[in-house]
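One letter stands for each residue in the lines below.
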Amino acid sequence: MIAVTFALPQESRDFLRAVRRRDDVTVIHTGMGLAPAARALDVFLSKTRPDWMLSGGFAGALDPRLKLGDLIVAENFTTPSLVTRCQGMPARGTLVSRPRPAELVEEKAALFRETGALAVDMETAAIAAACQRAGVPLLAIRAISDSAQVPLPVPLAEWFDLAQQHPRPRRLLGYLCRRPSAILPFVRFVRGLPLARRTLTAAMLRAIATPET
């Protein structure tokens, strides 16, 4: 059995449709953030032992060369024997996980200088630690949802409650009403997510269809 993780349903939507008839694939939504991901994986792995785990989701680019929809294999979190499932994916390197997103261009640049990582997310380090404790091989793939040269148009706290793990639509609306200059960048960001989801889904489907070597 292959266990597949996503933080949120908006990342997994296309993948779930594609594997709905497969009984050898189990999808887990961990929630957003290191602590929720750690809790979700510890609970799951205390009851189930998959053959291997595939972790997918979005990430913010730190390397200025990466564009919206580009894919990366997080080699620092991936079991070496599973890297062969990602033939044809050009970007391989380090992914860094942080409890909060890098929202500003200056934050992304500073994190890139500090770590040399290709991208940043909020869950993979916790997922990798849980897999290591359980002895489960892990393959981590991320799709770029925002480039290093563009800030996130709306701070995370204004649209998502990390403690309760649910969106804040009223707070988001209030933020956009107070800052109308953020509306167009926010629309562009949202319109870019389907591209990231499509490329992520295609890569993950190839990964679960590719035999180990």
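Here the structure is a predicted model, which is why all the values come from computation and not from measurement.

Conventions adopted
- Residues numbered from 1 in each chain as written.
- Predicted model: local features only at pLDDT ≥ 70, side-chain atom pairs only at ≥ 80, totals over all residues.
- Heavy atoms only, no water.
- Core = buried A, V, L, I, M, F, W, Y, C linked by side-chain atoms within 4.5 Å.
- Buried < 20%, exposed > 50% of the residue type's maximum accessible area, 1.4 Å probe, protein only.
- Helix = DSSP H or I, 4+ residues; strand = E, 2+ residues; numbered from the N terminus.
- Contact = heavy atoms within 4.5 Å.
- Polar contact = N/O pair within 3.5 Å; in protein donor to acceptor, adjacent residues only side chain to side chain.
- Pairing = 2+ DSSP bridges.

Caption draft 1: Up close: the nonpolar core. Residues L45 and M53 are the most contacted members of the largest nonpolar core, which totals 27 residues. Contributing elements (two or more residues each) for this core: α2 (34-47), β3 (52-61), β4 (71-74), α4 (124-134) and β8 (138-146). Per-element tally for this core: the top contributor is α4, with six residues. With sequence-adjacent residues up to four places away left out, M53 is seen in contact with A3, T5, L41, F44, L45, I127, C131, V136, P137, L138 and L139. Judged by nonpolar contacts, the second largest core, of 23 residues, contains I2, V4, L82 and I208.

Caption draft 2: Expanded view of the side chain of T124. Structurally, the position occupied by T124 is in helix α4. A distance of 2.4 Å separates the side chain of T124 from the side chain of D121, its partner in a polar contact. With near-sequence residues (within four places) excluded, T124 lies in contact with F77, L95, S97, A140 and R142.

Caption draft 3: Structural detail: the pairing of strand β1 (residues 2-6). Most of β1 is tucked away: five of the five residues are buried. Of the two faces of β1, both are covered, the one formed by I2, V4 and F6 as well as the one formed by A3 and T5. Where β1 lies against strand β2 (residues 25-29), five bridges are found, and the strand directions are parallel. Residue pairing in the sheet places I2 in a bridge with V25 of β2. Here β1 pairs with β3 via four bridges, running parallel. When the bridges of β3 are listed, A3 appears paired with M53.

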